[in-house]
Structure formats: structure tokens, C-alpha cells
Amino acid sequence: MPSAPSSIDWFPLWLSLRVAGIATLIVLTLGTAIAYLLSHKTFRGKEAADSLITLPLVLPPTVLGYYLLVLLGRNSGLGHIYQSLFGQPLVFTWQAAVVAAVLHSAPIYIKGARTVLEAVDYRFEWVAHSLGASEWRTFSRITLPLAWRGLSSLASLCFARSLGDFGITMMVAGNIPGRTQTLSVAIFDAVESGNGQMARVLVLIMSATALILLWAASRLSRPTARPSHNG
Amino acid sequence: MSSPPIKIDARLLKRLSAGGETEAFELNVHLKSDAATTVLWGASGAGKTLALNCLGGFSTPTEGRILVNDQLYFDGATGVNLPPRHRRCGYMFQDHALFPHMTVRENLKFAAASARHNSRLDKHRRMNDLLEAFDLTDLAQRKPAQLSGGEKQRAALARMLVGDPYLLLLDEPTRGLDARLRQAFYEVLRTTRERSQAPIVLVTHDLEECMQLADHVCLMEAGRFVQSGPREQVFARPATLEVARALGIYNLLPATVSALDPGRDTSSLDIAGSQLQGRYLKGQLIGDQGYLCVRQTEARLLPNIGRREPNQLLLRTTGTVPSAQGVKVLLEYDAAATVSEDEYTHLRGEDVLKLEIPPSAVYFIPKK
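Fair warning: this is a prediction, and the values are worked out from it, not measured in the lab.

(A) The arrangement of the overall build of chain B in detail. Scanning chain B from N- to C-terminus turns up nine helices and 21 strands. With respect to the principal axes defined by its C-alpha atoms, chain B has extents near 75 × 50 × 50 Å. Put simply, chain B has 368 residues, and 40% of those count as buried. Look at the contacts in chain B between residues 6 or more apart in sequence, and 66% of them connect residues 24 or more apart.

And the structure:
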């Protein structure tokens, strides 16, 4: 890109989009499964599990980052397993930034998805079961399509939030230009080093992306269909 | 057509502990019926829907045993608890719960694909057959939101029958419908009968509906059956004063047994000094106190002129209220009789009227 100002490095933007995209996919699958358990099952310690899931929303990023370092660091069990599988440690790689983004966005998604799934009228699911449909079939053909709009809206929020993580990423992925430096970290770096133009451009890109995602989220969050009560 | 009737034998005990705004509740019933249509009738909060949900597998009884057609659905003692999808129970809600994101055909297709018995071809044939039988062929491509109330009823019934269920569970299917749609529903229910051998268990608080549809009636109150049996028997012979009062279609007058003649199969009741002839009362003694129970529609109200014939009581009027069928004349002892507007012109202004009760309608409920 010869016409672009030479002082702007686009790597952080692409990395951030990739990290947020992968994190969103992970949260969508895992988070929807957890939200389904919370909304449709009764088990001991359910509300405790809900509190645990909410915890990352209120803890400072440094605390979360610290936990991740302990949990996934080179000397931890999980860290060892990861290293033997992929031949490199997890911490201070861009993959660690994905883990950070997941931790940053999953609580909001799961809490929202639980509400969305609970709002699907149970009668549709009962009817499906009574017709002989398995739980998976009921979920994939009835519950999910009826919750689709709500979940998509949450996914777009989740993507925006993944894009915006700074603290946890700093702690576990660090600030290695060209390797782990995401957009929000790059902004911090640009401001620190007095690169005003870079900071301004990245801040504007970040704000515009977030705004578009929020607009999409609110467009999608119109209520899902429910049974009519006319006669 | 000559296959033996499907029997339901369900002993259900379900305790719900108090929590939040709900009070503790105990459902304790024994539903035994081989009738084509069994109606659970009762006020809201009587436990009708809970009983239905236990049959369908959506609520697990605390104790009990559910047998449908020799198939064990639930047994508290041995821990058998068939999940809803293995029970082959058609379930229908008041608002039909058609899947809103699917067309009528897709709704039926979902049912066909979900059913785990019968061959693919069979199910496909049955689906088309049902679309036709319920007059849905032209509506098959429509989504539920584009259907009228009556069309939704038909689609929901057809969907329920695709999987060839053993048992049909209907939870207040006509609540909130106007009289015309209600009647239309009873009509399609007849189509349902022709297409399926499965017995229907229907929950309602509507007495008219109960009368129209039921072969077997279970009257429910506070989680219990206060009376159950064939419809004619239950309505002709309410077991207790409380049942008769709850049904609200009887005149109940305090009475004393004054004569008994088993040879001639006659008896006599003394009601405030007037004698009323009826059939012999088995198990009663002269002097027994209780209530005369007679269907309001079986008693005739006449002006108090001319000689008093046998089986005519003189009762003071206490007022009138307009009714859908004419005029409801209120009498002492909380009795009432409904007459047409025309008949009422002959009764207007009278303080005392004659209530004629044919001997065949005389039924005596002894005091406990």
C-alpha cells in the first residue's frame, strides 16, 4: 500500500479482526451450550455457576489475566498439554489473545443467551418432544431458529467486545508488534510513543467498527416470534 | 375398528411445595378410563393441567404409576419414567403452538420426521392424508401467522395425528374462543375421532364443553377427583352436595324421606310440608334428611293457578335475572328455573310459583 501513510501499520487491525472472529465462534458454540444448560436444565449449583460466569464482568482485567497466566502458563498442567499438542507455549502468542477475548466477551454473551433461550415459549418445545423429537432435534429445529435473532444480536455484541479487550490481552499475550499486538494494544502503544496520527486513525477505526456492530445488534434484537393468542 | 379400547390407568401423586407466590399443593388422583374421551373438569387451580402434564411426561409425579394400553409410562416404585418423546402422546395447547417459523406442511413434516415408528412412506402418506382430511391442502404453504383461528385448530390437530399417537392430551383447547369457533372445534374433533383410535384426555373448566365431549368425566377440586364416572351417571347423580353445588346446574331443596315402598318402587320426600313422589330410594330410611337434587332444566315453572297437582311445589320468587336462554327466575332455597321470554309473561308479578318435578327426575342426596 504505497499511498497509505508509512507510519500506519495495519497488522494490529487484521490481528484484532482475526482474534475477535475466532473468539466469537468459540463463544457462540461453547456459550450457547452453557446458556442452554442454564436455561433448560435444573442441576445443583446452577445459580453458583451463573455467578461464576458473571464474575469476569466485575473483576479487574489484571486479576483475570493473572488467573489465566497461572492456569495456562508454561508451568501449568494445561500449559504443558497445549505445548505438547502445538509445539509452542500458549502465553504471549496471538492465540492467547483469543483466550483473553473469549474471557472478556463470554460472560455478556452467556447471560444474554440464557435470557433469550428462556424466552422461547416452552410450549413449542413440549409439542416437539411430544411429537417424538429428540432434545437435539428440538433445539436445532425449534429453539435455535426461534432464538436466532436474539442470539445473532448477542454475537455481534460479543464480536465488538472481543475487539475491545485490552487488559487481559496485555497480561497474557503481551505487546509484541507484528505478533501479538492487537488494535487496542497498538493504540496504547501509539499514544505511549507519541505517534499521534497512528493513534487517531486506529481510534476512529475502532469507534466506527464498534458503532456498526452495535447498530447491527439492536436491529437484530427485535423480539422473536411467539404463539399468537387470537381466536 | 373393532380393536379393544385403549385403557388409561394412572395413579398420580404429586406434591408441590410452597415457594414464592405459590402455595403448597397436592395432586392425588386415580384416573381409570377406557372411554374415547375423558374430560377433567374443574375450576382453575384444581390440578387438571398438572394431571395432564404428568400423563404427557412434562411433570414427574412424586409417586404413582401410569399405564396406557399396557405400556408403562411411569412407575415411582421401580423408577420407570419414559421421556415425553417416547410416550407417543399428542399434546395440544389452547393457542395450538404451531411452530411459527414453519409452514403448515413443514409443521406436519417435522412431526412425521420426529415420529420413530412407521416407515417413511407410511408417514408421508399419512401426512398428505391428514392435510386433506383437515381441509389444509390449500393452506399447506402458509405460515401460522397467516391462518385464521379455525385453520390453526385444524393444523394443530392434524400435526398431532401424524405420528399416530396412543393418547391425545388437550389442554383447554377452546379457552378464549367464541361460540362459533368452539362449535367448529367440536366438529374437527369428530374428524380426529375418525382418524385416530387414540383416547382423548381433555382439560376444561367449561361445563358445556364437558357435557358435549365427555364420555367419562372426572370432576376435580383441590387436586382430587370429587367424582368420576360415565358422563350421564355423574350428571344425573352427583355424589355429594358439594359436587352438585360446584356443577351449579341443580336445584337443591332440603328434604326428608317421608315414605318408602320397595314393592311399588316408589318413595316420597317431604319438602317444607309438600310431598314429592319419586322412585324407591335404596339404602335410605324414613326420616332421613338430605336434599332433593333436580336438574334446573328438568323442573317446570308454572303460574300458581288452579289445583295443585302431585309433584308440584309452591315456592316464593326472590327475583329474576336475564339469561342467554330467556329469563332466570330465582326462587327460595337458592333454587332457580329458566323460562323463555314468552313463558315469563304468564309468570310476571307472581309472588309464589309452582315448580313441577317429574318423579323420574327426583334424586335424593342424603346428609352426611
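Additional details are given in the paragraphs that follow.
(B) Spatial organisation of the overall build of chain A. From N to C terminus, chain A includes 10 helices and zero strands. Overall, chain A shows an N-to-C arrangement of helices and strands of α-α-α-α-α-α-α-α-α-α. Overall size of chain A, expressed as C-alpha extent along the three principal axes, is 65 × 45 × 30 Å. Relative to its 231 residues, chain A shows a buried fraction of 38%.

(C) Spatial organisation of the domain arrangement of chain B. Residues and elements named next belong to chain B. As assigned here, chain B comprises domain 1 (8-236) and domain 2 (241-366). Across the contact, five residues belong to domain 1 and four residues belong to domain 2. Among the secondary structure elements, those contributing two or more residues to the side of domain 1 that touches domain 2 are strand 10 (216-221) and strand 11 (224-230). Of the residues in the side of domain 1 that touches domain 2, the class split is three nonpolar, one polar and one charged.

(D) Summary view of unusual backbone geometry. The backbone of Phe92 of chain A shows a phi angle near 60°, a positive value even though the residue is not glycine. The topology assignment puts Phe92 of chain A in the loop between helix 4 (77-86) and helix 5 (94-119). A tally of 19 C-beta atoms within 10 Å means that Phe92 of chain A is categorised as partly exposed. With phi around 55°, Asn69 of chain B is a residue other than glycine that occupies positive phi space. Overall, Asn69 of chain B belongs to the partly exposed group, with 18 C-beta atoms counted inside 10 Å.

(E) Representation of the environment of Ala18 of chain B within the structure. All names here are of chain B. Tracing the backbone through its elements, the reader meets Ala18 in the loop between strand 1 (8-16) and strand 2 (25-33). Since 9 C-beta atoms lie within 10 Å of it, Ala18 is described here as exposed. Sequence separation between Ala18 and Ala259 is 241 residues; the distance between their C-alpha atoms is 51 Å. Setting aside its immediate chain neighbours within four residues, Ala18 contacts Glu23 and Ala24.

(F) Summary view of the pairing of strand 18 (residues 326-331) of chain B. Residue and element names in this part refer to chain B. Bridging between strand 17 (residues 312-323) and strand 18 involves six bridges; their strand directions are antiparallel. Bridging from a neighbouring strand, Thr317 pairs with Leu331 of strand 18. Between the end of strand 17 and the start of strand 18, which pair antiparallel, lie two residues. Across four bridges, the pairing between strand 18 and strand 19 (residues 336-339) is antiparallel.

(G) Broad picture of the sheet that holds strand 18 of chain B. All names here are of chain B. Taken in spatial order, the five strands of this open sheet run 16-20-17-18-19, and their pairing is antiparallel. Two strands in the sheet have a free side with no partner beyond their single neighbour: strand 16 (300-303) and strand 19. With direction set aside, neighbouring strand axes in the sheet form an average angle of 45°. Relative to strand 20 (residues 352-356), strand 17 runs antiparallel, the two sharing five bridges. Paired with Leu314 across the two strands is Lys354, which belongs to strand 20.

Cut-offs used in this document
- Residues numbered from 1 in each chain as written.
- Chains lettered and ligands numbered in written order.
- Predicted model: local features only at pLDDT ≥ 70, side-chain atom pairs only at ≥ 80, totals over all residues.
- Helix = DSSP H or I, 4+ residues; strand = E, 2+ residues; numbered from the N terminus.
- Buried ≥ 20, exposed ≤ 12 C-beta atoms within 10 Å, placed from the backbone.
- Contact = placed C-beta atoms within 7 Å.
- Domains from an automatic or database assignment.
- Nonpolar A, V, L, I, M, F, W, Y, C, P; charged D, E, K, R; others polar.
- Pairing = 2+ DSSP bridges.
- Axes fitted to C-alpha atoms, helices over the stretch in contact; angles between N-to-C directions.

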